[in-house]
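# Descriptive structure summary
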Amino acid sequence: MSILTRAQALRNLRQTLMEAGFETAAIDARLLVLSALDIPATALITNPDIPLTPAEAELLAAFTRRRLAHEPVARIVGEREFWGLPFALSAETLVPRPDTETVVETVLELLPDRQAPLLMADFGTGSGCILVALLHELPQATGLGVDLSPGALETARRNAWANGVGDRSLFALSHWADAVTGQFDLIVSNPPYIASPVIPTLDREVREHDPLLALDGGPDGLEPYRILLDEARRLLVPGGLLAVEIGYDQAEELKTLAAEKGLEIVEIAHDLSGNPRCVAMRRP
Ligand SMILES: C[S@@+](CC[C@H](N)C(=O)[O-])C[C@H]1O[C@@H](n2cnc3c(N)ncnc32)[C@H](O)[C@@H]1O
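Residues numbered from 1 in each chain as written. Predicted model: local features only at pLDDT ≥ 70, side-chain atom pairs only at ≥ 80, totals over all residues. Heavy atoms only, no water.

## As for the UniProt feature "domain: Methyltransferase small" (unreviewed entry) in the protein
The condition is simple: UniProt positions are given in the numbering used here, feature names are shortened, and annotations may be inferred rather than shown by experiment. Under the DSSP-based scheme used, a helix requires at least four consecutive residues in state H or I and a strand at least two consecutive residues in state E, with every element numbered from the N terminus.
Under the UniProt annotation, the feature "domain: Methyltransferase small" (unreviewed entry) is placed at residues 119-194. For residues 119-194, helix accounts for 29% and strand for 30%, while the C-alpha atoms at its two ends are 29 Å apart.

## So, the site of the ligand
Stated precisely, the cut-off is as follows: One heavy atom suffices: a residue is near a molecule or strand as soon as one of its heavy atoms comes within 4 Å of it. Polar contacts here mean pairs of N or O atoms no more than 3.5 Å apart (in protein, one a potential hydrogen donor and the other a potential acceptor; neighbouring residues in sequence count only if both atoms are side-chain atoms). Method for areas: the Shrake-Rupley scheme with a 1.4 Å probe, in which residue coverage is limited to the protein chains shown.
Residues in contact with the ligand amount to 18 residues; listed here are only the nearest, Gly124, Asp147, His175, Trp176 and Asn190. Here Asp147 contributes a side-chain N or O atom positioned 2.6 Å from an oxygen atom of the ligand. In this structure, a nitrogen atom belonging to the ligand sits 2.9 Å away from a side-chain N or O atom of His175. Taking 590 Å² as the accessible area of the ligand by itself, protein coverage stands at 96%. Elements supplying a minimum of two residues to the shell around the ligand: α7 (129-137) and α10 (212-215).

## Quick word on the packing of helix α1 (residues 6-19) against helix α2 (residues 25-37)
As a reminder of what qualifies: Angles here are taken between N-to-C directions and fall from 0 to 180 degrees, while the axes themselves are lines fitted to C-alpha atoms, restricted in helices to the stretch in contact. Any angle between 65 and 115 degrees counts as roughly perpendicular, while under 35 counts as roughly parallel, over 145 as roughly antiparallel, and the rest as oblique. Each helix crossing is assigned a hand: it is left-handed if the near helix lies turned anticlockwise from the far helix by less than a right angle, otherwise right-handed if that turn is clockwise. Throughout, a contact is declared for two residues whenever any of their heavy atoms are within 4.5 Å. Residues were grouped as follows: Ala, Val, Leu, Ile, Met, Phe, Trp, Tyr, Cys and Pro as nonpolar; Asp, Glu, Lys and Arg as charged; and all remaining residues, including Gly, as polar.
At a minimum axis separation of 8 Å, α1 and α2 run at an interaxial angle of 135°. The angle between α1 and α2 falls in the class oblique. Two packed elements cross with a definite hand, and for α1 against α2 that hand is right-handed. Residues Arg6, Leu10, Leu13, Arg14, Leu17 and Met18 of α1 pack against Ala25, Ala26, Asp28, Ala29, Arg30, Leu32, Val33 and Leu37 of α2. Classifying every residue of the contact of α1 with α2 gives 10 nonpolar, no polar and four charged.

## Observations regarding the sheet that holds strand β5 (residues 169-173)
Going by this rule: Between any two strands, pairing holds if DSSP finds at least two bridges.
The strand order β5-β4-β3-β6-β7-β9-β8 describes an open sheet built from seven strands, whose pairing is mixed. Where the open sheet ends on each side, the last strands, each with one partner, are β5 and β8 (264-270). Neighbour-to-neighbour, the strand axes of the sheet open up by a mean angle of 15°, direction not taken into account.

Below is the structure:
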């Protein structure tokens, strides 16, 4: 096997991925090379001519095989950035999506004082991305992350400590709010919201690599919302805020559900593609 330099390895991988039809070939190749070589992005520019060691070349070849089999890059490198913070992933966690930052943004806009003490809960915390991003922005806040997956909770806890908010967060295993008592100023959730019959039609990268528990929202995709909105009266202080991520076509159903459960809609926020993505409600 001939020894390639960093720049050659990057060029070759980009070409291989382009020829295999990956639209994101350039960025994928860059992220995979940086991860296999364990170097910062600047090192590719400042030292492009350093040859790969045999171990680096072997690891990059393994990464390439996995990508060609359509494993998402975030899963291969084991990490994804969300709200500018790094989040470790495991097989039990959803890869955080940029659209989910809409939930963080919406909550921050609606809070009257970001310096005030606040108790929050995140149902279906996964990697912990929403909870950790909010704790990062709200220095006096404390948060509970809930999930039904022990593996996800372990990863979320690790992410909270790695991002400097471990001492203000707690993680608990529960089927939604079954094991949760007390009241919160703020509840956030990005629950599974794909209707079960739609799951086989999802992109291969999602269908084969994101955990089913993180995707499947029951027969019509709304089951978790029914449970969470129903629990909101018990779990929110009067005037407390509930913000949930929704599928692009679920805003009308959420309006109906909120009215049924006695919650006041305060905002329906859109993602960068212009789809309704976050519904914020208040307990009157
Ligand atoms: C769409 S993922 C969201 C993960 C993360 N909050 C994010 O935004 O990337 C939904 C999460 O809900 C969790 N979940 C599914 N059913 C649950 C249940 N009955 N009780 C608690 N959590 C549940 C899944 O394990 C998964 O972590």
